[in-house]
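Structural overview
Chain by chain, the residues run as shown.
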Amino acid sequence: MQIPLSLQFINLLAALLLLVAFAMLTQRRILSLINLFALQGFVLALSTFVVAYSASQHHLYYSAGLTLLLKVLLLPWLLHRLIRKLNVRWDVETMINIPTTMLVGIALVIFSFNLAAPISQLSEGITRGLIGIALASVLLSLLMMLTRRKAVSQVVAFLSLENGLFFAATSATQGMPLVVELGIALDVLVATFIFGIFFFQIRETFDSLDITHMEKLKDD
Amino acid sequence: MEYLNLILAILFQLAQLLLVVLLAPLLTGWVNQCQAWLQNRSGPGVLQPYRVLRKLFLKDAVIAHNASPLFRVTPYIVFGCMWLAAAIIPIIAVDLPFSQAADVIALVGVFAVARVFLALAAMDIGTAFGSLGARREMLVSFLAEPALLMVFFTASMISHSTQLPRIVDALAHHQFMLYPSLAFAALAFVIVLLAENARIPVDNPSTHLELTMIHEAMILEYSARHLALIEWASSLKLFAYISIGIALFLPQGIIEAGNWAGMPLAIALLLLKLLAAGAGLAVFEAISAKLRIFRAPEFLGTAFLLAVLGLLIHFLLGA
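Worth saying up front: this structure is predicted, and the values here are computed from it rather than measured.

With respect to the overall build of chain B
- Within chain B one finds 11 helices and 0 strands.
- The dimensions of chain B, computed from C-alpha atoms along their principal axes, are 55 × 45 × 40 Å.
- Considering only contacts in chain B between residues 6 or more positions apart, those separated by 24 or more positions represent 81%.

Have a look at this one:
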């Protein structure tokens, strides 16, 4: 069976997305973490563009453009500004060491591939293998949220989780209605702003962005 | 016609056997020359490895009193293993009668034999450096080997064979496809190549600084013709690894069975690929810093992770 070239390209981009998710999971520096997040957004925009082209869904072009603008340019710029203002260019501390995280990550990928197998049997399109990858990158972002101590990297993980969901929506179901996408994009933007305000509040209260301080309830 | 083809194939195999052993130091010289250029030095020229080999062969060997026969035979075994490995990888044509001798799994075994003998010989004399180098080498390679196997498995599953000529045939001469799984395997393979050939992020081939050296520590006791053989074997190993990389990930241009007319083009393409690979290796070494030895397992763990991901993606996407 010969797969059309555009689909092969989407498959390649999906694999790249997973790779970037792993790279983020194992990244030690917060600056590179944000750059990787921008890269993930770029891969996402590209794949949305290819899906739009191959399925000739015009509203997906807008969605690709929106992704490019928001997730490659605006959000990384905001995050860069934020870490400059907070002066937090330190190495990210992880709860579990990185090789263990990688192994857990592989287990998660296997788990989500298995989980997605019956779902993709149901779907018709040729892009059904991609559900597993999208699910895996969502779970990897969740794992990253769990293993990071610092608030900034947790927020990057949250944003990359949204990337995974977006990829699932565009590749597996050829995109949601444009209104929904616009709404989600706005949500993400607003969330980032609110997180930014939170960072300053957290730092003012605890003198640090390490969220383990928040587990203490009493003053001592 | 059948006989003619077979005779031609055997002749070609013998030619490749000679060619790799003569060309391998040139590749090392090219990598070193590129590195020199990147460091704003004029460099010793691409023929320097040959001069070093000649110098070493003309010297008298000095061997420690307590050296066992193992220490003496190891250079020959290592050289033989690497020569065999480099000779059976299809880089110009897939007609290689000797390549039946070892499929990819056996190829990994051939590399392992050489490594085990080298490590044993390093410990044979009983100096601290030797066993230090041997231990580190084993630490690095026991992590690199599974990653290499996984890379081979990914390629084997795509082409349904573990014979290198068949893999090349399936990848180069069938309809063109993008293989995401192979992209992952290629990344993993580059990491394994760097680790196994004692290149910069893991080891530094041009250092004699005791804290960091791995490969150099193992061969510290060798001199003259033994050292020459081991240096030559290192060149052959680099050549073999780069050839494997070409065969698996860039097989376009390798000619099919029986198509001897395409030979000049295939050779020209091979030379281009080797030049590009050597220059790429030098650039990568120039831009990366040496890892602490305790970070090396993590680096190689990444290779294993990438290779496993490649396999998983092959299962999921079928490509």
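A word on the overall build of chain A
- Tallying secondary structure elements over chain A gives 7 helices and 0 strands in all.
- For chain A, the sequential pattern of α-helices and β-strands runs α-α-α-α-α-α-α.
- By residue count, 39% of the 220 residues in chain A fall in the buried class.
- A fraction of 75% describes how many contacts in chain A between residues 6 or more apart in sequence connect residues 24 or more apart.

Some thoughts on helix H3 (residues 58-86) of chain A
Residues and elements named next belong to chain A.
- Helix length check: H3 (29 residues) gives 41 Å between terminal C-alpha atoms against 42 Å at 1.5 Å per residue, within 8%.
- Roughly 30° is the biggest bend found in H3, and it falls at Leu74, with proline Pro76 one to four residues downstream.
- Those residues of H3 that fall on the buried side of the exposure criterion are Leu60, Ser63, Ala64, Thr67, Lys71, Leu75, Pro76 and Leu79.

Looking at the interface of chain B and chain A
- Contacts between the two partners involve 16 residues from chain B, matched on the other side by 20 residues from chain A.
- Broken down by secondary-structure element, the contributors of at least two residues to the side of chain B that touches chain A are helix H7 (180-196) and helix H11 (296-317) of chain B.
- In terms of residue count, H11(B) provides more of the side of chain B that touches chain A than any other element does, 9 residues in total.
- Residues belonging to the side of chain B that touches chain A are distributed by class as follows: 13 nonpolar, 2 polar and 1 charged.

Focus on the packing of H7(B) against H11(B)
Residue and element names in this part refer to chain B.
- Put simply, H7 and H11 touch, their axes get as near as 8 Å, and they point 160° apart. Here H7 lies roughly antiparallel to H11, going by the angle between them. By crossing handedness, the relation of H7 to H11 is classed as left-handed. Within the contact between the two elements, H7 uses Pro180, Ser181, Leu182, Phe184, Ala185, Leu187, Ala188, Ile191, Val192 and Ala195 and H11 uses Phe299, Leu300, Thr302, Ala303, Leu306, Ala307, Leu309, Gly310, Leu311, Ile313, His314 and Leu317.
- Along the lines of polarity and charge, the residues of the contact of H7 with H11 split into 18 nonpolar, 4 polar and no charged.

A short note on unusual backbone geometry
Residues and elements named next belong to chain B.
- Unusually for a residue other than glycine, Ala198 sits at a positive phi of about 55°.
- Non-glycine residue Ala224 carries a positive phi angle of around 50°.
- Within the secondary structure, Ala224 is located in helix H9 (residues 224-249).

Focus on the confidence of the model for chain A
- Mean pLDDT for chain A: 80, with 88% of residues reaching 70 or above.
- The spread of mean pLDDT over the elements of chain A runs between helix H7 (residues 178-206) of chain A, the lowest at 77, and helix H2 (residues 30-55) of chain A, the highest at 88.

Some points on the packing of helix H1 (residues 5-25) of chain A against H2(A)
Residue and element names in this part refer to chain A.
- Closest axis-to-axis distance for the H1/H2 pair is 10 Å, and the angle between their directions is 165°. When the axes of H1 and H2 are compared, the pair comes out roughly antiparallel. Handedness of the H1/H2 crossing: left-handed.
- Of the residues belonging to the contact of H1 with H2, the class tally is 19 nonpolar, 4 polar and no charged.

Considering the environment of Leu13(A)
Residue and element names in this part refer to chain A.
- You can see Leu13 is positioned in helix H1.
- A tally of 26 C-beta atoms within 10 Å means that Leu13 is categorised as buried.
- Between the C-alpha atoms of Leu13 and Thr205, which are 192 residues apart in sequence, the distance is 42 Å.
- Ignoring anything within four residues of it in the chain, the contact list for Leu13 reads Val43, Leu46, Ser47 and Val50.

A closer look at the confidence of the model for chain B
- Chain-level pLDDT for chain B is 85 on average; 97% of the residues reach the 70-or-more range.
- At the level of chain-chain contacts, confidence expressed as ipTM amounts to 0.74, with global pTM at 0.85.

Describing the environment of Lys85(A)
- Secondary-structure assignment places Lys85(A) in helix H3.
- Sequence separation between Lys85(A) and Gln57(A) is 28 residues, and the spatial gap between their C-alpha atoms is 41 Å.

Quick notes on H2(A)
- Its 26 residues give H2(A) an end-to-end C-alpha distance of 37 Å, which sits within 8% of 38 Å, the value for a rise of 1.5 Å per residue.
- Looking one or two places after H2(A), you find Ser56(A), whose phi comes out positive at around 40°.

What about the environment of Asn5(B)?
- Among the structural elements, Asn5(B) can be located in helix H1 (residues 2-38).
- The spatial distance from the C-alpha of Asn5(B) to the C-alpha of Ser159(B) is 25 Å, given a sequence separation of 154 residues.

The rules behind these values
- Position numbers for residues count from 1 along each chain, tracking the sequence in the order it is written.
- Chains and ligands are labelled sequentially in the order written, the chains with letters from A and the ligands with numbers from 1.
- Local features in this predicted model are restricted to residues of pLDDT 70 or higher, and side-chain atom pairs are both shown and tallied only at a pLDDT of 80 or more, whereas totals for entire chains, interfaces and linings draw on every residue.
- Only runs of H or I of at least four residues qualify as helices and only runs of E of at least two qualify as strands under DSSP, and these elements are numbered from the N terminus.
- In this description, any two residues whose backbone-derived C-beta atoms lie within 7 Å of each other are considered to be in contact.
- For the exposure call, what matters is how many other C-beta atoms sit within 10 Å of a residue's own: 20 or more marks it buried, 12 or fewer exposed, and in between partly exposed, using C-beta atoms placed from the backbone.
- Given the number of residues in a helix, its expected span is that number minus one, multiplied by 1.5 Å.
- By definition, a residue's bend is the angle between the axes fitted to the seven residues ending there and the seven starting there.
- For this classification, Asp, Glu, Lys and Arg are treated as charged, while Ala, Val, Leu, Ile, Met, Phe, Trp, Tyr, Cys and Pro are nonpolar and the rest, including Gly, are polar.
- To get an axis, a line is fitted to the C-alpha atoms, and for a helix only the part in contact is used. The angle between two axes follows their N-to-C directions and goes from 0 to 180 degrees.
- Here roughly perpendicular refers to angles of 65 to 115 degrees, roughly parallel to angles under 35, roughly antiparallel to angles over 145, and oblique to all remaining angles.
- Two helices crossing with the near one rotated counterclockwise from the far one by less than a right angle form a left-handed crossing, whereas a clockwise rotation gives a right-handed crossing.
- A residue's pLDDT is simply how confident the predictor is in it, with values from 0 to 100.

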